[in-house]
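If you want the building blocks of each chain, they are given just below.
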Amino acid sequence: MSVVEQILDSNGPFVPVYRPLLPKAESVAGYLAQLDASRLYTNHGDLSALLESRLAAAFSIATGCVIGAASGTAALTGAILAAAGRATAKQPLCLCPGYTFVAAPLAAELCGYQMHLVDVDEATWAMDPDVLAAHPLLDRVGVILVAAPYGRRLAQTAWVRLSQQTGVPVVIDAAASFEALADDAKSLIGSVPVVLSFHATKAFSTGEGGAIVSTDPAIARAAIAALNFGFDGVRETTGPGFNGKMSEYQAAVGLAELDGWAEKRAAFRRVAETYREFAEPRGLRLHVAPAVSSNYVLFEAASEQSAGAAQVALDCAGFDHRLWYGRGLHREAYFRHVSRDVLPGVEALAPRLIGLPMAPDLSEGVVERIVAALAATLTQ
Ligand SMILES: Cc1ncc(COP(=O)(O)O)c(C=O)c1O
């Protein structure tokens, strides 16, 4: 069996860490047919407008508070430009968690910022707003990038307060928080822009895509302009920007994904429950939905050494696994020399949080074998 065939058979000997399942072609076809008639393939067509308004309804916020983007990274870049603008000589720094996916610091760099990495709390996996409020570099900081790790819930209150107290704009990278926002919009959505990714590896997906969510009309307007060459309603560049728009093809997939979302989420829930049922009696510490986004199942090993043993056991049994955020940004070749605080939380957490296989149609038998492989390492 070729590697591709093995990957295609999730019950076979090799199980990928995540196996996306997007709407079938037939569910998207009806939306695509509208494009044959409208001949509007991008540039804020009917489908992206409909997706934005249906997402706003799902989050119980006004239409206009959700702005579609070409990717999560485009949405991050647009949100930074909208909330903070490009870096300036006086405020060239961006405070960013040392433990997150590389997209956020890369987006901030594209906006001209120099990164300064901040530690995360080992329990919340996120930065502490009180630490940020007293950060010694604050008067040189132009933007604070907060990450909601793995789609965990970060309430707005603390971040609105931080921004008001310090005068520094905050952007929340909540790439995987689609479900959290839908469940808990009142607490998670507000004036501080929240960025979502609809990448194929996310629970709710448009293949590639993303969105900026903010109830601040000025930020929403600036985000629309930033994602469209700095055009603010008229065809003239009045601010920084690029082409970060969501196309009508992406929106078509997103609309079909929304049509089938309740069913897809229920399927994810069943797999998460199965993981929980097998793991709990064996004393394995797993993080599954709804605590994290449905596309993640995370095994928290007690130590770096037991994480190593777990990874070897998974490899031997043919189960893919991933440190989704690596071993900390400061361990990425490109960010190795970046300025940073001491990062004991990142160092302690990053190697211990192992992404396990997940898919909405992952079978109970496979979950049982994954858990058994991990459990065996506890008794060694
Ligand atoms: C935390 C986080 N931020 C940003 C991104 C970037 O999103 P995208 O891949 O849609 O550009 C991702 C996912 O890829 C992510 O997990």
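The model shown is predicted, which means the values in this text are computed figures rather than measured ones.

Which residues make up the packing of aromatic side chains, and what are the values?
Within this structure, the stated rule accounts for 15 aromatic pairs. Look at Y41 and Y249: their rings are 6.2 Å apart centre to centre, the planes differ by 10°, and that puts the pair in the stacked class. Of this pair, Y41 sits in the loop between α2 (25-38) and α3 (46-58) while Y249 sits in helix α11 (residues 248-259), and the two are 208 residues apart along the sequence. Of the residues examined, Y41 reaches a relative accessible area of 36% and is grouped as partly exposed. Aromatic side chains Y150 and Y325 sit 4.2 Å apart centroid to centroid with 15° between the ring planes, which places their arrangement in the stacked category. Taken together, the residues Y150 in the loop between β4 (141-147) and α7 (156-166) and Y325 in the loop between α13 (304-317) and β10 (339-340) connect sequence positions 175 residues apart. As far as burial versus exposure is concerned, Y150 and Y325 are alike and both buried.

Provide a residue-level description of the sheet that holds strand β11 (residues 353-355), including the pertinent values.
The strands that make up a sheet pair up through hydrogen bonds in the backbone, lying either parallel or antiparallel. Across the sheet, which stays open at both edges, the three strands sit in the order β8-β9-β11 with antiparallel pairing between neighbours. With one partner strand each, in any of the chains shown, β8 (286-287) and β11 form the two edges of the open sheet. As paired elements, strand β9 (residues 298-300) and β11 share three bridges and run antiparallel to each other. The residue of β11 that forms the bridge with L298 is G355.

With reference to specific residues and values, describe the pattern of salt bridges.
Evaluated as defined, the whole model comprises 12 salt bridges. Between R221 and D232 there is a salt bridge whose closest N-O contact spans 2.9 Å. Of the two residues, R221 sits in helix α10 (residues 217-226) while D232 sits in the loop between α10 and α11, which places them 11 residues apart along the sequence. Residue D232 is classed as partly exposed on the basis of its relative accessible area, which comes to 31%. The partner of R276 in a salt bridge is E273, and the shortest N-O contact between them spans 2.8 Å. With R276 and E273 both in helix α12 (residues 261-279) and three residues apart, the pair spans about one turn of that helix. For R276, a relative accessible area of 27% puts it in the partly exposed group. When salt bridges with common partners are traced through the structure, they connect E122, R285, E300 and R352 into a single cluster.

Outline unusual backbone geometry, supporting the account with residue identities and numerical values.
With omega at 5°, the peptide bond leading from A289 into P290 counts as cis. By the secondary structure assignment, P290 is in the loop between β8 and β9. One non-glycine residue, H44, lies in the positive phi region at around 60°. By the element assignment, H44 lies in the loop between α2 and α3. Using a relative accessible area of 46% as the deciding quantity, one classes H44 as partly exposed. At Y150, a position not held by glycine, the phi torsion is positive, near 55°.

About the criteria used
- Residues numbered from 1 in each chain as written.
- Predicted model: local features only at pLDDT ≥ 70, side-chain atom pairs only at ≥ 80, totals over all residues.
- Heavy atoms only, no water.
- Phe/Tyr/Trp six-rings, centres within 6.5 Å; stacked < 30°, edge-to-face > 60°.
- Helix = DSSP H or I, 4+ residues; strand = E, 2+ residues; numbered from the N terminus.
- Buried < 20%, exposed > 50% of the residue type's maximum accessible area, 1.4 Å probe, protein only.
- Pairing = 2+ DSSP bridges.
- Salt bridge = Lys/Arg side-chain N within 4 Å of Asp/Glu carboxyl O.

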